[in-house]
Number of protein chains: 2
Amino acid sequence: MTEGGPVARAASPRTPRRRRGPRPAGADTRAEILAAARSEFAAKGYDATTLRGIARLAGVDPRLVHHYFEGKDEVFVAAVEFPAVPRTLVARVVDPGLDGIGERMARSFFDVWDNPVGRERLMALIVSVLSGPGAARMVREFLTREVFVRVAAATGAQDAQLRANLAASHMVGLAIARYVLQVEPLASTDTETLVELVAPALQRYLVGPLP
Amino acid sequence: MTEGGPVARAASPRTPRRRRGPRPAGADTRAEILAAARSEFAAKGYDATTLRGIARLAGVDPRLVHHYFEGKDEVFVAAVEFPAVPRTLVARVVDPGLDGIGERMARSFFDVWDNPVGRERLMALIVSVLSGPGAARMVREFLTREVFVRVAAATGAQDAQLRANLAASHMVGLAIARYVLQVEPLASTDTETLVELVAPALQRYLVGPLP
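Within each chain, residue numbers correspond to sequence positions counted from 1 in written order. Chains and ligands are labelled sequentially in the order written, the chains with letters from A and the ligands with numbers from 1. For this predicted model, a pLDDT threshold of at least 70 governs which residues receive local features, and a threshold of 80 or more governs which side-chain atom pairs are given and counted, while totals over whole chains, interfaces and linings are taken from all residues. Only heavy atoms go into the side-chain values, all of them from the structure, while hydrogens and water stay out.

**Let's talk about the interface of chain A and chain B**
Interfaces are frequently sized by the accessible area removed from exposure as the parts join.
Consideration 1: Between chain A and chain B, the residue contacts involve 39 residues of the former and 39 residues of the latter.
Consideration 2: For the pair chain A and chain B, the two sides together bury roughly 3400 Å², of which 74% comes from carbon and sulfur.
Consideration 3: Take the accessible area each of two parts loses on contact, using a 1.4 Å probe, and add the two losses: that sum is the buried area. Considering only the side of chain A, the residues that lose the most area to chain B are A:Leu130, A:Leu181 and A:Leu197, jointly responsible for 20% of the buried surface there.
Consideration 4: Salt bridge, as used here: a side-chain nitrogen of Lys or Arg that lies within 4 Å of a carboxyl oxygen of Asp or Glu. At the boundary of chain A and chain B, one finds zero salt bridges. For this analysis, residues touch if any pair of their heavy atoms sits within 4.5 Å.

Following this line, the structure appears as structure tokens:
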């Protein structure tokens, strides 16, 4: 993940083009939208939260939310500081086709985790998920809608969503063991070697033959 | 993990047989040993901590520590409320041989996580690991010494410890996705189906051909 990647884009403020609606757009407007978003996502989960509801809670015109963010996924990414826009990441993994999909998935995961900022944000998110069912629900619904459903649609395999669950959870465990627990020799094995080692397992989960 | 399993055995106090050493063994002695152990493990990690050092900090005769616990691993298991004695768990997985080792590993993992008490303790341990390098070091050294080295010794494969890392981290990720995040359909898929689905990946990591 480079500075020009989805993280930076989702996090950088834009200058508002229009100044309509119940209150003028100021430097704090985006921050207030994000505060309202955090509150709504935590209370209602990802699926039941709407951009209109976030705007209402923030006391701004809904068009302002659309002005700052391209969709609910980008609001969520900015609100919880998720280190990537899943839509972008998933497209990079699935768009070139089923051949090599496991390898691309492994590499994309390590890309995000190899970045210290991305790693810190993911670790904070895992802590929040472990802290209670509210955060778990929010993250679960977000990942299901924005990652698993997209990957499943792309592979079209039987049990495609369970397959996406298996592959993604494998990578999450690897990341925790490698970057958080720093268990050896996993932690000091270079990324490309690991991509080679785990790609066949991911490939099988995503599109290979299962019992 | 049943009530008569390793958890209960490691956690239940025994009546001291002897009353020698610098202070008499009382109802609080075991608790004081465990408090000293937590302090030593957190400060020095698992490897550098000794039963003698724990006894010194607790102000008891080292023989008392040996009286309550069979070894450093049992002291650690009781001190951090780890939900299983790895020595026992690893033996169950590796002793019957390499054939089916992946399947037995998957089933053993799910057994611990399917128990609500075991799950709660593992989640607390993951939170502590995420909270700082001290806890991460302690858990890393414990798992390396008591799990990975033992599994590696049993399989005797090339890169055996990296293989054990890969297999175990896969299961940790699965457990987090299934029991903590509760992502669907993974969370409601029955354990035996999951064992069948993941066993081939574990089998390959532990003893199969790798690139």
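**Observations regarding the environment of B:Arg204**
Consideration 1: A helix here means a DSSP run of H or I that spans at least four residues, while a strand means a run of E at least two residues long, and both kinds are numbered starting from the N terminus. Within the fold, B:Arg204 resides in helix 11 (residues 191–207).
Consideration 2: Residues B:Arg204 and B:Val77, spaced 127 residues apart in sequence, show a C-alpha to C-alpha distance of 29 Å.
Consideration 3: Residue contacts for B:Arg204: discarding those within four places in its chain leaves A:Glu196, A:Leu197, A:Pro200, A:Ala201, B:Arg163, B:Pro209, B:Leu210 and B:Pro211.

**A word on the packing of helix 9 (residues 133–155) of chain B against helix 10 (residues 160–180) of chain B**
Angle between the axes and distance between the axes are the two parameters that describe a pair of packed helices.
All names here are of chain B.
Consideration 1: Note on definitions: angles span 0 to 180 degrees between N-to-C directions of axes, and those axes are lines fitted to C-alpha atoms, for helices only across the stretch in contact. Running from N to C, helix 9 and helix 10 cross one another at 120 degrees; their axes reach a closest spacing of 8 Å. Two packed elements cross with a definite hand, and for helix 9 against helix 10 that hand is right-handed. Residues Thr144, Phe148, Val149, Val151, Ala152 and Thr155 of helix 9 form the contact with helix 10, whose own contacting residues are Ala160, Gln161, Ala164, Asn165 and Ala168.
Consideration 2: All residues other than Ala, Val, Leu, Ile, Met, Phe, Trp, Tyr, Cys, Pro, Asp, Glu, Lys and Arg, Gly among them, are scored as polar; the first ten of these are nonpolar and the last four charged. Among the residues making up the contact of helix 9 with helix 10, the classes are represented as seven nonpolar, four polar and no charged. Handedness of each helix crossing follows the sense of rotation of the near helix against the far helix: counterclockwise by less than a right angle gives left-handed, clockwise gives right-handed.

**Some details on the layout of surface pockets**
Consideration 1: For cavity detection a 1 Å grid was placed over the protein atoms alone, and a set of points counts as a cavity when a 1.4 Å probe fits there but cannot get out; an open set counts as a pocket when protein lies on both sides within 12 Å along at least five of seven lines, with lining residues being those that have an atom within 4 Å of a point. Grid points are joined across faces, edges and corners, and a volume is the space filled by probe spheres set on the points. Volume-wise, the largest pocket comes out at about 220 Å³.
Consideration 2: Along its surface, the largest pocket is lined by 15 residues, and A:Pro133, B:Met123, B:Tyr179, B:Val180 and B:Gln182 are the ones closest to its centre.
Consideration 3: Classifying every residue of the lining of the largest pocket by side-chain character gives eight nonpolar, three polar and four charged.

**Things to note about the nonpolar core**
Consideration 1: In terms of nonpolar packing, the biggest core is built from 140 residues, with A:Val75, A:Leu166, B:Val75 and B:Leu166 touching the most fellow members.
Consideration 2: Contacts of B:Leu166, omitting those with residues within four sequence positions, involve A:His170, A:Leu174, A:Leu186, A:Leu194, A:Leu197, A:Val198 and B:Tyr205. In this text, buried Ala, Val, Leu, Ile, Met, Phe, Trp, Tyr and Cys residues form a nonpolar core when linked through side-chain atoms within 4.5 Å. Three labels apply to residues, based on accessible area from a 1.4 Å probe with only protein chains included: buried if under 20% of the type maximum, exposed if over 50%, partly exposed otherwise in between.

**A word on unusual backbone geometry**
Consideration 1: Across the junction of A:Glu184 and A:Pro185, the peptide omega takes the value 10 degrees, indicating a cis bond.
Consideration 2: Note on placement: A:Pro185 falls in the loop between helix 10 (160–180) and helix 11 (191–207).
Consideration 3: One non-glycine residue, B:Asp159, lies in positive phi territory at about 55 degrees.
Consideration 4: By the secondary structure assignment, B:Asp159 is in the loop between helix 9 and helix 10.
Consideration 5: The backbone phi angle of B:Gln182 is positive, close to 55 degrees, even though this residue is not glycine.
Consideration 6: Within the secondary structure, B:Gln182 is located in the loop between helix 10 and helix 11.

**Observations concerning the packing of aromatic side chains**
Consideration 1: Stacked, edge-to-face and tilted are the three classes for Phe, Tyr and Trp ring pairs, Trp counted by its six-membered ring, which pair at centre distances within 6.5 Å; planes under 30 degrees apart are stacked, over 60 edge-to-face, the rest tilted. Under the defined criterion, the tally for this structure stands at 16 aromatic pairs over all chains.
Consideration 2: Their ring planes at 75 degrees and their centres at 5.3 Å tell us that A:Tyr46 and A:Phe142 sit as a pair that is edge-to-face. Here the residue A:Tyr46 occupies a position in the loop between helix 2 (29–44) and helix 3 (51–58), and A:Phe142 occupies one in helix 9 (residues 133–155), the gap between them amounting to 96 residues.
Consideration 3: Since its relative accessible area comes to 1%, A:Tyr46 is described here as buried.
Consideration 4: With 5.2 Å between their ring centres and 75 degrees between their planes, B:Phe82 and B:Phe142 make a pair best called edge-to-face. Taken together, the residues B:Phe82 in the loop between helix 5 (72–79) and helix 6 (86–94) and B:Phe142 in helix 9 connect sequence positions 60 residues apart. Note on accessibility: B:Phe82 and B:Phe142 belong to one class, buried.

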